[in-house]
Structures are given as C-alpha cells and as structure tokens.
Amino acid sequence: MENRVYCLYRVSTDKQVDYDDKSQADIPMQRKACHRFAEERGWTIIHEEQEDGVSGHKVRAENRDKLQIIKEHAKQGKFDILLVFMFDRIGRIADETPFVVEWFVKNGVRVWSTQEGEQRFDSHTDKLTNYIRFCRRTVKAKRLLSAPKPHWASSLRAAASKVALLHTAMTL
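Residues numbered from 1 in each chain as written. Predicted model: local features only at pLDDT ≥ 70, side-chain atom pairs only at ≥ 80, totals over all residues. Heavy atoms only, no water.

Trainee: With reference to specific residues and values, describe helix α1 (residues 28-41).
Mentor: With 14 residues, α1 should cover 20 Å at 1.5 Å per step; its first-to-last C-alpha distance of 20 Å lies within 8% of that length. Within α1, the full set of buried residues consists of Q30, A33, C34, F37 and A38. One face of α1 carries all of its buried residues, which in axial projection span an arc of 125 degrees. The exposed set on the far side of α1, more than 90 degrees from its buried face, consists of M29, K32, E39 and E40. Buried residues in α1 make contact with β1 (4-11), β4 (44-52), β5 (81-84) and β6 (110-113). Once α1 ends, the next one or two residues include G42, with phi positive near 75 degrees. (Helix = DSSP H or I, 4+ residues; strand = E, 2+ residues; numbered from the N terminus. Expected span 1.5 Å × (residues − 1). Buried < 20%, exposed > 50% of the residue type's maximum accessible area, 1.4 Å probe, protein only. Arc of directions from axis to C-beta. Contact = heavy atoms within 4.5 Å.)

Trainee: I'd like to hear about the nonpolar core, residue by residue, with values.
Mentor: Grouped together as the largest cluster of nonpolar side chains are 18 residues, with contacts concentrated most on I70, F79, L82, I90 and F104. Those elements giving two or more residues to this core turn out to be β1, α2 (65-75), β5 and α3 (97-106). Setting aside residues up to four positions removed in sequence, F104 forms contacts with L67, I70, K71, A74, F79, L82, V109 and V111. Counting residues in each nonpolar core, the second largest holds 12 residues, with Y9, C34, L83 and W112 among its members. (Core = buried A, V, L, I, M, F, W, Y, C linked by side-chain atoms within 4.5 Å.)

Trainee: Any details on the pairing of β6? Residues and values, ideally.
Mentor: Two faces make up the sheet, and in a regular strand the side chains alternate between them. Residue alternation in β6 divides its side chains into two sets, R110 and W112 and V111 and S113, and both sets are buried. Bridge count between β5 and β6: four bridges; the pairing is parallel. Residue pairing across strands places I81 opposite R110, the latter belonging to β6. Pairing of β6 with strand β7 (residues 117-119) involves three bridges; the strand directions are antiparallel. Considered in β7, the bridge of W112 is made with E118. Hairpin connection from β6 to β7: three residues lie between these consecutive antiparallel strands. (Pairing = 2+ DSSP bridges.)

Read these as layout, nothing more, since geometry by itself doesn't imply function.
Structure follows, in structure tokens:
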C-alpha cells in the first residue's frame, strides 16, 4: 500500500493565520505537526490544502472549496491518506462531518489526525465513536462562539436523535 498523503489545514478566523515573508498565508503549527507526523512514518506529503478563516461549525462541507478539491482528488485515486492536525479540521458539524470522514474511508482514503490517530469504520462501535466525537466537537464549537445561535439547539437535538437511532440499530 502506498502512503501518498494530502494534508488539510484549517483555521476559523483570519486572525489565526500567520504570513510568511512573501505575504503568503500559513498555518505553521498544523503544517509542522503534519510534516513531522508523516516523516516519522515514512509517508510522502504530495499535496496540501489550507482553509483560512473557514468555520468548521458554520460552513458545510459542500460549500468548502478546498475540501471539495480533496474529495475530487480522492475519487481520482491521487492519494492514500488524508492527514489533519485534529479531526475537527475536517469540520465540526455533528450531522455531517462524521459522514464526510466515512466517505473518504469508503473511497479508499485512510484518514489520520496527528493528535488522534486513524479514524476507522471497521465496526458499529467505530461508527458510533466517530459520531460521538464530532457531536462533542459541535458542543465545543458552540461554546467558542460568543453569540448563541437559536439553530444550534435544534442541530444538537437532531444529532442526539441520530445517535439514539444508531444505538437502537446496533442493538437490533
């Protein structure tokens, strides 16, 4: 199995972006962690995408150009591993992000985080754990937002309902 790696870096606000001497935007902490992680495993980073000022809580995957580029390249078999600093770099929408990650895995791309390891879908427990992880991230993202949004409570209720349905389906 090859180890061709795509990296995705994301920050929610432009204030979190550093600029190099050529005024190019950079997210150095995430980039350095991914490069170190890949190097330790003998993996080759062949492409990097960076989203500056893109909220993983507010912007759905279908509206994130960089994520769509990565998905298109996955369909074409251009890489084997999607590497992120943490899984919430892929997104923080509880009723979407776990399924985005699962889409990559189902399309032959292993999904790794430098902080959390590989996300697998070998069992119902893996799927439930993944779903709970992103549900927790949604709650964390909500706490980080200064103004409460009324739609958030309904999103959390919908996510909780889906977790309950998954749990019921697993016990049948």
